[in-house]
Structures are given as C-alpha cells and as structure tokens.
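Structure at a glance
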Amino acid sequence: PAPWTPTEERGKRKELTKRAEHIMETLEAEAAARAAEGQELEPFKPGDVLEVRLRVPENRGRETVIKGLCIAKRSRGVGSSFTLRNVARGVPFERRIPLCSPHLLSLRVVRSKRVRRAKLYYLRDKPARMSRA
Amino acid sequence: EALRAAREAAAAQVAPGVLPPGSLRTGAVAVKCGMTAEWDAHGARVPLTVLWLDRCQVVQAKTAEREGYTALQVGAGAKRAKRARRAQAGHCHAAGVGVKRHLAEFRVTPDALLPPGTPIPASHFVPGQLVDVAGRTIGKGFQGVMKRHGFKGGQASHGASKSHRIHGSTGACQDPGKVWKGKKMAGHMGNARRTVHSVQVYKVDPGRGLLWLRGAVPGHKGAFVEVRDAVRPRRQFSQPDRPFPTAAPAPDGDAGPRVAPAGPNP
C-alpha cells in the first residue's frame, strides 16, 4: 500500500506541493535503496584516489578501469554522483559517474589525500601534477 | 460510505476490452510530482516525470442529446465541501463523488462513455504507449525578446550603444509602412496552457496511482495536468493494446509497477 492516501480520505490536508514532495522523497529513497542493494560500494570522500570498474556498453559490455582523484561527491538519492579527475599524458580530464548507474561495478579507495574542502575545483587552476592520481 | 458505495457500483459496471480503432477513450487528470531518472534494461539513463492520479474519477458524462457533444468530465484531488463553492460541491455531489479540486473534459466517442463515479486508475495507461500531456506552464512574467523568442540580441561590446538585448528593427520602410501583426516582441511569458505531444509512458504503478513519463511535462510540481492518448503518435512506435473504455481499478495487494519494454539498444 502507498504511504500516501488519496486526498479525499485525509482528515487534515496539506498543500499539493508538499504532498508531491513527499511522494518524490519516498520514491527516491526506494530507488536509491534498490540501486544500493545491487552494488556494495566502499565509502569514500572527496580527496580519495579511487579505482573504479565500469562496464562500457559501447565496447560490448567489457569492463574498464578508471583511476582518479575524487574531487566532488554529490548526494541526491538516485541522482548521486561523483567526479574523478586525473591527468593522462599531460592532459587533465574529469569524469562524472552516477552512483546508481548499473554500469558502475565496483569502487576501491587506493589512497587518501588530506583536503579541507568538499569540492576540489581549485585543482583546475593549479598545475597538472597536483591532480595526478 | 455513500460515496464509496456509489463508486464501487460504478466501477463494477466497467468491463474493460481493448481500444477499437477509430474510438477515442477518456484521459485522466493527474498531479505533477517531480522528476527523477532511471536506467532501463539497456543501461541507458531515462529522465522521468512522476504523475500522481489522486482519485481520478468521472464526474459527468456529456452526451449529444443533452449537451450536443460527447465528452467525459473527469476530476481529481479533493476539496473540503465547506471550502468549495456551493455550485462546485453540488455538481460533484450530484455525481456521487467527493468534491474535486480540478475538473477537465475529454472528448470521447459515444462507445467510450462511462457512468459518473467510475474511477480511472493508473492502469488506464499502458507502459510503452504515447500520451499527450497538457498543463499550465510555469509563469515567467514580463520577459524580453531574447528569452521569450530566442532572439540573438546585439553585440556585447564593439561600441554597441544601449542595444544588447533589444529586438532591433521591427520592419521595412515605407512599404509596408507598418509593423506586422503578431510581430515577436517582449511581453508576458509562461502561465499558459501548453500540450507536450507523444510522451512515452515508461512505468505504471496501479496500486499507488503513479505514472512515470519519459521527459518533461508543463507546469509546477503539485500542479494538475491532463493526460490523454497521443493524438498523432509517431508511426514507428507501435502502441500497445490499451484498456477500453478504462481499466478495472487495482485490487489491494496488486503487483508493483510495470515498466515499458525497452526499445532498440541505443
């Protein structure tokens, strides 16, 4: 049964915007739980160097490993994601990966860097060697 | 009590068949709840809008004899009878339904008429089908020509004097010697009824009265929208069979949501 009753049956009524918000919160929590039970991911923070295994649909579902420094972590239920930054042959690149994506297979924390920020966007203005994972 | 009995009696009369070609069936009134995303069977990310059917019911059946056209007036939501205008409350009471917050009419063919009180459940829509969604867009107020019509504006520098976001010329010279009617200019934008066509129904949860639609839909969260079968569905989308005139309401403890079959691998 739904955790919300039709408005007709409620004794006390809330604004429809609040009820809509409640519905979305419930659905997001369920969707995030469903995505989380599929994959067991290590807890990580911005500043950790991560090794991420992804399934690449364009490459016939083969696994690829991406290594990078986590410069941002966004927690929004199903919309949660994190951004990895690394330098490849002198060229820095960033990649944002959704946490609830079925393509994300596993995560491993390789190293931890001490940072005093939640988002490390300042690295974009710094020399490339500081972003090397 | 009395309302529930009338509703159940009306629901029992519905024996859903399949939508015959050339017939038009009713739509539904839903509340736009918000947007989310899911990954389909192929692993592609699908942006979704969640619509909630808040006790969507037929309130009045309009026939050619009485009103001169065939339509079904459908309502959703609820309002305290004390707060509703007496005419509104009386109108819903005559139909044997609770006072509705929003009413909308859907033109139907005479074979799709339903008795007042019939609930229109979320399973009225089938995952994979295309629908048109109409709603009142978010109001933007008085807007300039760049936002309202996508004009490119003027140069930001290079000596442009006080003409960065204006419309520029409004016409030719002596011929025609006037500004054409309907010339795009600054003005009020938004807060207008708009319909998004051919939106795919991605997922349906009849037990909770929810529809997940692919893409965006006009209006604010918490606003009412009207959902009907697509009037001009794209031909390459073969529509699934849809319950006609409407679906039977879900029994308690029904199975969970049903997802649309995944299309070709993108």
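Residues numbered from 1 in each chain as written. Chains lettered and ligands numbered in written order. Predicted model: local features only at pLDDT ≥ 70, side-chain atom pairs only at ≥ 80, totals over all residues. Heavy atoms only, no water.

Describing helix α1 (residues 16–38) of chain A
Quick reminder: α-helices carry 3.6 residues per turn. Residues three or four places apart thus point the same way. Heads up, the condition is: Secondary structure is summarised from DSSP: a helix means a run of H or I of at least four residues, a strand means a run of E of at least two, and numbering begins at the N terminus for each. To estimate how far a helix should extend, the number of its residues minus one is multiplied by 1.5 Å. Burial classes follow relative accessibility: with a 1.4 Å probe on protein chains only, a residue under 20% of its type's maximum area counts as buried, one over 50% as exposed, and anything between as partly exposed. Residue contacts follow a heavy-atom distance rule, with two residues in contact if any of their heavy atoms lie within 4.5 Å.
Spanning 23 residues, α1(A) covers 33 Å between terminal C-alpha atoms, matching the ideal 33 Å at 1.5 Å per step. Inspection of α1(A) places L16(A), R19(A), A20(A), I23(A), M24(A), T26(A), L27(A), E28(A), A31(A), A32(A) and A35(A) among the buried residues, and these make up the whole buried set. Of the surrounding elements, those touching the buried residues of α1(A) are β2 (28–39), β3 (45–52), β11 (210–214) and β12 (224–229) of chain B.

Details of the nonpolar core
How we decide: Among the buried residues, those of types Ala, Val, Leu, Ile, Met, Phe, Trp, Tyr and Cys that are joined through side-chain atoms within 4.5 Å form a nonpolar core.
Formed by 46 residues in total, the largest nonpolar core has its most connected members in L211(B) and L213(B). If we skip the residues at most four places from it in the chain, L213(B) touches P47(B), L48(B), T49(B), L51(B), V131(B), V133(B), V199(B), Q200(B), V201(B) and Y202(B). Within the second largest apolar cluster, 12 residues are counted, among which are L54(A), I97(A), L99(A) and L104(A).

A closer look at the pairing of β3(B)
Going by this rule: Two strands qualify as a pair provided that DSSP identifies no fewer than 2 bridges between them.
Taken across its 8 residues, β3(B) has 6 buried, putting it largely inside the fold. Linking β2(B) to β3(B), which pair antiparallel, is a turn of 5 residues; within it G43(B) sits at a positive phi near 90°.

Quick word on the pairing of strand β4 (residues 57–62) of chain B
Residues and elements named next belong to chain B. Most of β4 sits out of view: 5 of its 6 residues are buried. Relative to strand β5 (residues 71–76), β4 is paired through 5 bridges, and the arrangement is antiparallel. Looking at β5, one finds that A61 is bridged to L72.

Let's talk about the environment of P43(A)
Within the secondary structure, P43(A) sits in the loop between α1 and β1 (48–56). Considering only alpha carbons, one finds P43(A) and R60(A), 17 residues apart in sequence, at a separation of 29 Å.

As for the confidence of the model for chain B
Operational definition: The predictor attaches a confidence to each residue, and that confidence, scored 0 to 100, is pLDDT.
For chain B, the average pLDDT comes to 87, and 86% of its residues sit at 70 or higher. This prediction of the complex comes with two scores: 0.87 for pTM and 0.86 for ipTM.

Some words on the confidence of the model for chain A
Low pLDDT means the predicted coordinates in that region are not meant to be read closely. Residue-level pLDDT values for chain A average 90, and 99% of them are 70 or greater. The least confident element of chain A, judged by mean pLDDT, is α1(A) at 90; the most confident is strand β3 (residues 81–88) of chain A at 95.

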